[in-house]
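# Examination of the molecular architecture
The residues making up each chain are set out below.
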Amino acid sequence: MVNPKCSMQLKLPKFFILFLTILILYSTGMPANTHAAVQKQLNIEWNYPTTAGHAGFRLYRDGTRIRNITNPSTRRLTTTLWVNEGTTESFTVTAFNNQGNESPHSTPYSVAIPTTSPPDTTVPPDTTVPPDTTAPGDTTTPGNTHNGNIPIDFGEIEINQNWKRVTLTKSFSEPIVVANLTSNNGPAPAVIRIRNVNANGFEIRVQEWDYLDGQHALETVSYIVMERGSYALDDGTRLEAGRLQTSSTGTLASFPFMQSYNRIPVVTTSIVTFNGGDTVTGRLANISTTGFDFMLQEQEFNAQSHGQETVAYIAWERSSGTIANMVFD
């Protein structure tokens, strides 16, 4: 185990002085293979005074920004990166304020990457927490639910990088929330993050990819909320609202529907927890009449490893009509 430490002082442009310690941890035990790309864990800890106007920190590797930390109270960052064995990596940190001013880079901290054993990067399908194939208290049977009786809410809001609470206009026991961007006001690529879903509402914000500055223009987002369960419309169209839990990142895992379908349904998903700080999105594949494949995905630069998240989904056979004043097609 190699635990190099480095203390450095970062002088900022007239708003405060930052003291930080960087600690890099490495796993061990890989056959010798110089310059092989492997995953390593990077832990950074720092202390700094609370100062008005301070907005966050940025982490650089060899001059390229790899992380943007927009919470000024953060004092620890743990992330996993791809590095090349047998080489030397150089890390620096800057700080920035609310006006967008960024400090000079800290003194570079260079770390020799040892030749070690490759970690097991295979992510098996998430079998520890089963997908949502049963809905406690849900007695809905496909074929006996009429269009007007499906608990559903929908709306459109404007959000940026700050969390915003959305209050539901209808009563739910186990709401399933999915949301999608419907504007392109900010040029930087971003995803939607949702958390704290309960019977009364949820929190939502825009999150840019980790290499960006995290500040984003107001975007328009459409959302739909349904009570968890499986349903059938008057014309026989089947649909369901469910959730699953997975940590499968970069590797597809299979999840079954609550019911079988006569036609392959349209499926939309949203990650509805915020268990990992790194920006993450969901990827769908191989949708069939019995289920679908899904995985989490971080930015390409990252090692594809992410904590377990809850994912909400709605599956709907292709059809058109009106439900609760919502026109669908």
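Note on numbering: residues in each chain are counted from 1, in written sequence order. Selection of residues for local features in this predicted model requires a pLDDT of at least 70, selection of side-chain atom pairs for listing and counting requires 80 or more, and totals for whole chains, interfaces and linings are taken over all residues. Hydrogens and waters are ignored; side-chain quantities use all the structure's heavy atoms.

### Structural notes on the overall build of the protein chain
Spelled out, the test is: Elements are defined by DSSP. Helices are runs of H or I of four residues or more, strands are runs of E of two residues or more, and each kind is numbered from the N terminus. Relative accessibility under 20% of the residue-type maximum defines a buried residue, over 50% an exposed one, and the middle range a partly exposed one, all with a 1.4 Å probe and only protein chains included. In what follows, a contact means two residues having at least one pair of non-hydrogen atoms within 4.5 Å. The accessible surface values rely on the Shrake-Rupley method and a 1.4 Å probe; as for residues, cover is taken only from the protein chains in view.
What the protein chain contains, in helices and strands, is zero helices and 23 strands. Relative to its full complement of 329 residues, the protein chain shows a buried share of 49%. For the protein chain, restricting intrachain contacts to residue pairs at least 6 apart in sequence, the fraction spanning at least 24 positions comes to 72%. Summing over all exposed atoms, the protein chain offers an accessible surface of approximately 15,400 Å²; the carbon and sulfur share of this is 48%.

### A word on the sheet that holds strand 17 (residues 253-256)
The condition is simple: By the convention used here, strands pair only if DSSP detects at least 2 bridges between them. A fitted line through C-alpha atoms represents every axis, and for helices the fit uses only the stretch in contact; the resulting angles, taken between N-to-C directions, go from 0 to 180 degrees.
Pairing is antiparallel across the open sheet formed by three strands, whose spatial order is 17-20-19. The open sheet has two edge strands with one neighbour each: strand 17 and strand 19 (281-285). Sheet twist, expressed as the average angle between the axes of neighbouring strands with direction ignored, equals 35°. Where strand 19 lies against strand 20 (residues 291-297), five bridges are found, and the strand directions are antiparallel.

### Focus: the sheet that holds strand 9 (residues 152-159)
The antiparallel open sheet is built from three strands, whose spatial order is 9-14-11. Among the strands making up the open sheet, the edge pair consists of strand 9 and strand 11 (175-181). Across the sheet, the mean angle separating the axes of adjacent strands is 20° when strand polarity is ignored. Judged from the eight bridges that link them, strand 9 and strand 14 (residues 219-227) form a sheet pairing that is antiparallel. Across the sheet, Ile-152 pairs through a bridge with Met-226, a residue of strand 14.

### Side note on the layout of surface pockets
To keep things clear, this is the line we draw: The definitions used throughout rest on a 1 Å grid laid over the protein atoms alone, on which a cavity is an enclosed set of points accommodating a 1.4 Å probe that cannot get out and a pocket is an open set flanked by protein within 12 Å on both sides along at least five of seven lines; lining residues are those having an atom within 4 Å of a point. Grid points are joined across faces, edges and corners, and a volume is the space filled by probe spheres set on the points. Residues are grouped as follows: nonpolar covers Ala, Val, Leu, Ile, Met, Phe, Trp, Tyr, Cys and Pro; charged covers Asp, Glu, Lys and Arg; every other residue, Gly included, is treated as polar.
Here the largest pocket is characterised by a volume of approximately 680 Å³. In this structure, the largest pocket is lined by 32 residues; those nearest its centre are Asn-68, Ile-69, Thr-70, Asn-71 and Arg-205. A total of four residues in the lining of the largest pocket trace back to one element, the largest contributor, which is strand 13 (residues 201-208). Residue composition of the lining of the largest pocket, grouped by class: nine nonpolar, 15 polar and eight charged.

### Focus: the nonpolar core
Short version of the rule: We define the nonpolar core as a collection of buried residues of types Ala, Val, Leu, Ile, Met, Phe, Trp, Tyr and Cys that are connected through side-chain atoms lying within 4.5 Å of one another.
Counting residues in hydrophobic clusters, the biggest one holds 31 residues, and the most contacted among them are Ile-192, Ile-194, Phe-202, Ile-204, Met-226, Ile-314 and Trp-316. No other element matches strand 14, which puts five residues into this core. The residues touching Ile-314, leaving out its near neighbours within four places in the chain, are Ile-176, Val-178, Ile-224, Met-226, Glu-240, Ala-241, Val-266, Val-267 and Thr-268. Grouped together as the second largest cluster of nonpolar side chains are 14 residues, Phe-255, Val-311, Tyr-313 and Ala-315 included.

### With respect to the pairing of strand 14
Counting buried residues along strand 14, eight of its nine residues qualify, which places the element largely inside the surrounding structure. Across seven bridges, the pairing between strand 11 and strand 14 is antiparallel. Considered in strand 14, the bridge of Val-178 is made with Ile-224.

Just geometry here; none of it tells us what the structure is for.
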